[in-house]
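Chain and residue survey
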Amino acid sequence: MKAIRRFTVRPVLPDPLRPLAGLAHNLRWSWHEPTRALFDSLAPEGLSGADPVRILGSLEGSRLTALAADEEFLARLRAAAEELDTYLHAPRWYQRELGAAEPPAGIANFSPEFGVAAALPQYSGGLGILAGDHLKSASDLGVPLTGVGLLYRHGYFRQSLGRDGWQQEQYPVLDPGELPVTLLREPDGTPARVTLALPGGRSLHAHLWTARVGRIPLLMLDSDVEENAPGERNVTDRLYGGGSEHRLLQEMLLGIGGVRALRTYSRLTGAPAPEVFHTNEGHAGFLGLERVRELLAEGLDFDSALETVRAGTVFTTHTPVPAGIDRFDRAQVARHLGEDGALPGVDLDRVLALGDETPLGGDPGVFNMAAMGLRLAQRANGVSTLHGAVSRAMFAGLWPGFDAEEVPITSVTNGVHAPTWVAPEVGRLSPDASDRELWELRRTLRERLVTDVRARLRASWRQRGATDAELGWTDTVLDPDVLTIGFARRVPSYKRLTLMLRDKERLRALLLHPERPVQLVVAGKAHPADDGGKRLVRELVRFADDPRVRHRIVFLPDYGMEMARGLYPGCDVWLNNPLRPLEACGTSGMKAALNGCLNLSVLDGWWDEWYAPEFGWAIPTADGTAADEERRDDLEAAALYELIERRVAPRFYDRGPDGVPAAWTAMVRRTLGDLGPKVLADRMVREYVTRLYVPAAEARRALTPDRARELAAWKARVRAAWPEVSVGHVELGDGAGAGGDLTGADAELGATPVVRVRVSLGGLSPDDVEVQAVTGRVDADDTLTATRTCALKPAGGEDLDGRQPYAGTLELDRTGPFGCTVRVLPAHPLLAHPAELGLVALPPEPAAEAPGVLLR
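Note that the structure is a prediction, hence the values are computed from the model and not measured. (Residues numbered from 1 in each chain as written. Predicted model: local features only at pLDDT ≥ 70, side-chain atom pairs only at ≥ 80, totals over all residues. Heavy atoms only, no water.)

1. So, the overall build of the protein
- A tally of helices and strands in the protein yields 27 helices and 28 strands.
- At 30 Å, the protein has a C-alpha radius of gyration in line with the 29 Å of a compact globule built from 856 residues.
- The principal-axis extent of the C-alpha atoms belonging to the protein is close to 95 × 75 × 50 Å.
- Counting across all 856 residues of the protein, residues that qualify as buried make up 57%.
- Counting only contacts in the protein whose residues sit at least 6 apart along the sequence, the fraction spanning at least 24 positions is 73%.
- Accessible surface computed for the protein: about 34100 Å², of which carbon and sulfur atoms make up 51%.
- Side chains of the protein carry 97 positive and 116 negative charges; the gap between the two charge centres is 5 Å. (Helix = DSSP H or I, 4+ residues; strand = E, 2+ residues; numbered from the N terminus. Rg over C-alpha atoms; globule rule 2.2 N^0.38 Å. Buried < 20%, exposed > 50% of the residue type's maximum accessible area, 1.4 Å probe, protein only. Contact = heavy atoms within 4.5 Å. Areas by Shrake-Rupley, 256 points an atom, 1.4 Å probe, with all protein chains shown as cover. Lys, Arg positive; Asp, Glu negative; His and termini not counted. Charge placed at Lys NZ, Arg CZ, Asp CG, Glu CD.)

2. What to know about helix α10 (residues 287–297)
- Judged by how many residues are buried, α10 sits mostly within the fold: eight of 11 residues are covered.
- Following α10 by one or two positions, Gly299 adopts a phi angle in the positive range, close to 110°.

3. Overview of the nonpolar core
- The biggest cluster of nonpolar side chains holds 115 residues, and the ones touching the most others in it are Leu17, Leu20, Val143, Leu218 and Val689.
- Setting aside its immediate chain neighbours within four residues, Val143 contacts Trp93, Tyr94, Ile107, Ala138, Ile216, Val685 and Val689.
- Counting 57 residues, the second largest nonpolar core, distinct from the first, contains Leu253, Ile256, Val292 and Val351. (Core = buried A, V, L, I, M, F, W, Y, C linked by side-chain atoms within 4.5 Å.)

4. Things to note about the side chain of Thr35
- The residue Thr35 is located in helix α2 (residues 33–40) in this model.
- Given the relative accessible area of 5%, Thr35 is considered buried.
- At a separation of 2.7 Å, a polar atom in the side chain of Thr35 contacts the side chain of His32. (Polar contact = N/O pair within 3.5 Å; in protein donor to acceptor, adjacent residues only side chain to side chain.)

5. Remarks on the sheet that holds strand β16 (residues 518–523)
- What the six strands build is an open sheet, ordered β17-β16-β15-β18-β19-β20; its pairing is parallel. Of all the strands in the sheet, the pair left with one neighbour each is β17 (553–556) and β20 (616–619). Strand-to-strand twist of the sheet, defined as the mean angle between neighbouring strand axes without regard to direction, takes the value 20°.
- Pairing between strand β18 (residues 573–576) and strand β19 (residues 598–602): four bridges, direction parallel. Residue pairing in the sheet places Asn576 in a bridge with Ser601 of β19.
- The strands that helix α19 (residues 504–511) touches are β16 and β17; relative to β16, the one it contacts most, it runs at about 115°.
- Against the sheet, helix α24 (residues 629–653) makes contact with β15 (483–488), β16, β18, β19 and β20, and its axis sits at roughly 165° relative to β20, the strand it touches most. (Pairing = 2+ DSSP bridges. Axes fitted to C-alpha atoms, helices over the stretch in contact; angles between N-to-C directions.)

6. With respect to the environment of Arg686
- Summarising the element assignment, Arg686 is placed in helix α26 (residues 681–702).
- With residues near it in sequence (within four places) discarded, Arg686 still touches Trp93 and Leu141.

7. Examining the packing of aromatic side chains
- As enumerated under the stated definition, the model contains 15 aromatic pairs in all.
- Relative to Trp574, the ring of Tyr568 lies with its centre 4.9 Å away and its plane at 55°, an arrangement referred to as tilted. This pair shows no difference in class: Tyr568 is buried, exactly as Trp574 is.
- Over the face of the ring belonging to Trp461 we find Arg464, whose NZ or CZ atom lies 4.3 Å from the ring centre.
- Here the basic side chain of Arg489 rests over the ring of Phe487, its NZ or CZ set 4.6 Å away from the ring centre. (Phe/Tyr/Trp six-rings, centres within 6.5 Å; stacked < 30°, edge-to-face > 60°. Lys NZ or Arg CZ within 6 Å of the ring centre and 35° of its normal.)

8. Side note on the state of the cysteines
- One pass over the full model with this rule turns up zero disulfides.
- Unpaired in terms of disulfides, Cys571 finds its nearest cysteine sulfur in Cys597, a separation of 5.7 Å.
- A residue is classified by how much of its surface remains accessible, and Cys571, at 0% relative accessible area, is buried.
- Looking at Cys820, it has no disulfide partner, and the nearest cysteine sulfur is the one in Cys790, 8.8 Å off. (Disulfide = S-S within 2.5 Å.)

9. Description of the pairing of strand β2 (residues 145–150)
- The element β2 is extensively covered by neighbouring structure, given that six of its six residues are classed as buried.
- Every second residue of β2 is oriented toward a common face, with Leu145, Gly147 and Gly149 on one face and Thr146, Val148 and Leu150 on the other, all of them buried.
- Relative to β2, strand β1 (residues 107–110) runs parallel, the two sharing four bridges. Bridging across to β2, Ala108 finds its partner in Thr146.
- Here β2 runs beside strand β8 (residues 216–222); their pairing, made up of four bridges, is parallel. Across the sheet, the residue bridging to Leu150 is Leu221, located in β8.

10. Observations regarding unusual backbone geometry
- In the segment running from Arg580 into Pro581, the intervening peptide bond is cis, with an omega of 5°.
- Tracing the backbone shows Pro581 in the loop between β18 and α22 (588–594).
- For Tyr240, which is not glycine, the phi dihedral falls at a positive 55°.
- Tracing the backbone shows Tyr240 in the loop between α8 (230–233) and α9 (244–269).

11. Observations regarding the packing of α9 against α10
- Close contact between α9 and α10 brings their axes to 7 Å; oriented N to C, the two are set at 55°. Of the possible angle classes, the one that applies to α9 and α10 is oblique. Of the two possible hands of crossing, α9 and α10 adopt the one that is right-handed. Between α9 and α10, the residues in contact are Gly255, Ile256, Val259, Arg260 and Arg263 and Leu287, Glu290, Arg291, Arg293 and Glu294, respectively.
- Taken together, the residues of the contact of α9 with α10 break down into three nonpolar, one polar and six charged. (Parallel < 35°, antiparallel > 145°, perpendicular 65-115°, else oblique. Left-handed = near helix turned anticlockwise from the far one by under 90°. Nonpolar A, V, L, I, M, F, W, Y, C, P; charged D, E, K, R; others polar.)

12. Focus on the confidence of the model for the protein
- When pLDDT is averaged along the protein, the result is 93; 96% of the residues meet or exceed 70.
- Taken together, the stretch residues 736–740 has pLDDT below 50 and engages in seven contacts with residues farther than four places along the chain or on a different chain.
- This model gives residues 847–856 a pLDDT under 50, and the stretch forms 34 contacts once residues within four places in sequence are excluded. (pLDDT = per-residue confidence, 0-100.)

13. Observations regarding helix α20 (residues 531–545)
- Compared with the 21 Å implied by 1.5 Å per residue over 15 residues, the 21 Å span of α20 between its first and last C-alpha is a close match.
- Taken together, the buried positions of α20 are Gly533, Lys534, Leu536, Val537, Leu540, Val541, Phe543, Ala544 and Asp545.
- Buried residues along α20 sit against β3 (158–161), β4 (167–170), α18 (435–463), α19, β16 and β17.
- Of the residues flanking the start of α20, the one acting as N-cap is Asp530, its side-chain oxygen 3.2 Å from the backbone nitrogen of Gly532. (Expected span 1.5 Å × (residues − 1).)

14. Some thoughts on the environment of Gln772
- By the secondary structure assignment, Gln772 is in strand β24 (residues 769–778).
- Judged by its relative accessible area of 6%, Gln772 falls in the buried class.
- For the pair Gln772 and Leu825, spaced 53 residues apart in the sequence, the C-alpha separation amounts to 7.9 Å.
- When residues no more than four places from it in sequence are discounted, the contact partners of Gln772 are Thr789, Cys790, Ala791, Leu792, Thr821, Val822, Arg823 and Leu825.
- Engagement of the side chain of Gln772 in a polar contact is seen with the side chain of Glu770, the distance being 2.6 Å.

Pasting the structure below:
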């Protein structure tokens, strides 16, 4: 028989044990080892390492009674509860360092997934893990963040393998009663909820669950509500599942519903309303439209509301390829957001224009969520220095007339939360530890990984149909004294799971080398709809099934946070070989580095930024030299084999008289001491606070309703006048006064020529614009590089043709081919960036009689 209803019976804790409930329901236990140890001491056999909510639910009344009388345990419990209370309420970095500057009182962080702990499986990969680390570091730093996401009743899928190695998916039902979450309720005890209107008179209702992530509340909307029709009830059934309609409803619930959830949470708890809204990728982009709707209801017009929303919004793009962006049919979006949908009263044409991707060379019938996200945010960033450059080029069409490097998208390189990912033994390691102590610790962690891998591999083979009698070989899989390389991540094609298999014979030779063998631990999930990714998994599994090498290479299914926590510390080398530059950041290598694992990676994402020979090895890439992808893979795989055979393995096995590889341990020491501090999420969150959140809050505060109307009117006036703005003849003088045009001539290093230009302002005043001279090196096509700008000042009144003269002095402090041009930009004190409006006036081509000034 099957149950028709499911519910959870919670234990009634005796008064002395009441603090256990608070400890169990705050996910800080997931990164606080003393609290984990406290609950592990309670766990019945078979539940060691489980989450505290499950452990408490398993305790019998007699056990609770005994614990309530156990003074030693109660002392430990009081200490843990007092420590948590101090952590939750004492001033931290944000209060101590920024308190006098009046930083934002509240910040909302929206993401479709949050990987906080394995006990709350609401993540699929890097985006979710990053979002979870962001919350945890914000908590450690005291940043008043609130996370906003969805509660998926099936989470992401669980992965297993068929007998032939084909990926299989299962979607276990998650009961919120068994998760570390609490239902948000109204004062009368009824569940709080938000509602979205849908076409055809339908409604989408959602309950609100709260998880406590240290000091940070994480709000999750859940559509599994009885008042919903079956279709609406399943909106939050699973992460990244379903078709276009399902995905659109999820993103409406996340964005529009998420803002309404924040308002409800503030009303019920007194939490400050967020001043800054941070949206990760376009998934939550509709949050800006809901805030526009709120402001329209308060009496602002659309343009003024848009300026107000933009001022307080930060948009982070996490993808380096257009294919990674959510796009919906324009008519479908119009139907769901129009008068019969979720945003009645909001100008639908203006909404649709925000998602227009035609400036990016896209389809006019498509609504692009990233384009909308960028138009709704005054501040935007990529997630590594290289990814910032890739993003500026990818979205440059939204700022026509500007070179890609001037597109207003900065970068904040991702980081990882050390207390979550660092093995406790590594965290306790003294900086003064000897090489032998360091090497013995690495061996201990490797041996622990080997034990874990053997258990997981046996379980996987049983799922594939093997019997215990067939599995004796798993007892000798891997060797705790062999160089261990890890590779674990999602399995889209660009991450190249099977690059290592490009030359199978050469890989076998590396694995079975008589003196310097290598072993590989591989894990990763392909998206359920990605048959290409599943074929890659099967190819890898079939190779690893080969009796000749299966003791040296394993594929572990169902990669998740708990597996990862043992994998990073236990590996000696972390492998990453994406197609450059398609890895936005790639934080798995950061987690490995924090445990003293060396990186072996393509120079992409964060590794491009912080690679040094002391931290690992850079795999040479063939980008730009091999147009054929097959040829490129051959070249880069050969480079990978060569590195492992000639440099990585010899360094690992080159032992001194004491049996310790001194050169290897020196690299481990440098990785821990010099690279480790760079890859921390604390550093990342501090950057978000100081470079993005605080400026966004200041910009939002500056926009009173009247100033918002003034700014919107100014932008409208500038856009209307801009077609008449033009740059006239540009003259470079010798600085001595009139005449002496240097155009096309040589100039001495250190000269200070004067640039003069007449500009037609098209009815605008000099206060509305900034006229700049732009100088820099020039290539053979006269393209300026390494540019600098110099503001030119009005130099007299208008001439008879209504043109305004401007002049300024250049400083020629670099030798070589040198060029200059002049441009006009809109200027207003409330603009965050000169390119914000995407308007620029340049000289007609050719701009001058010759390429520019040549310095010697």
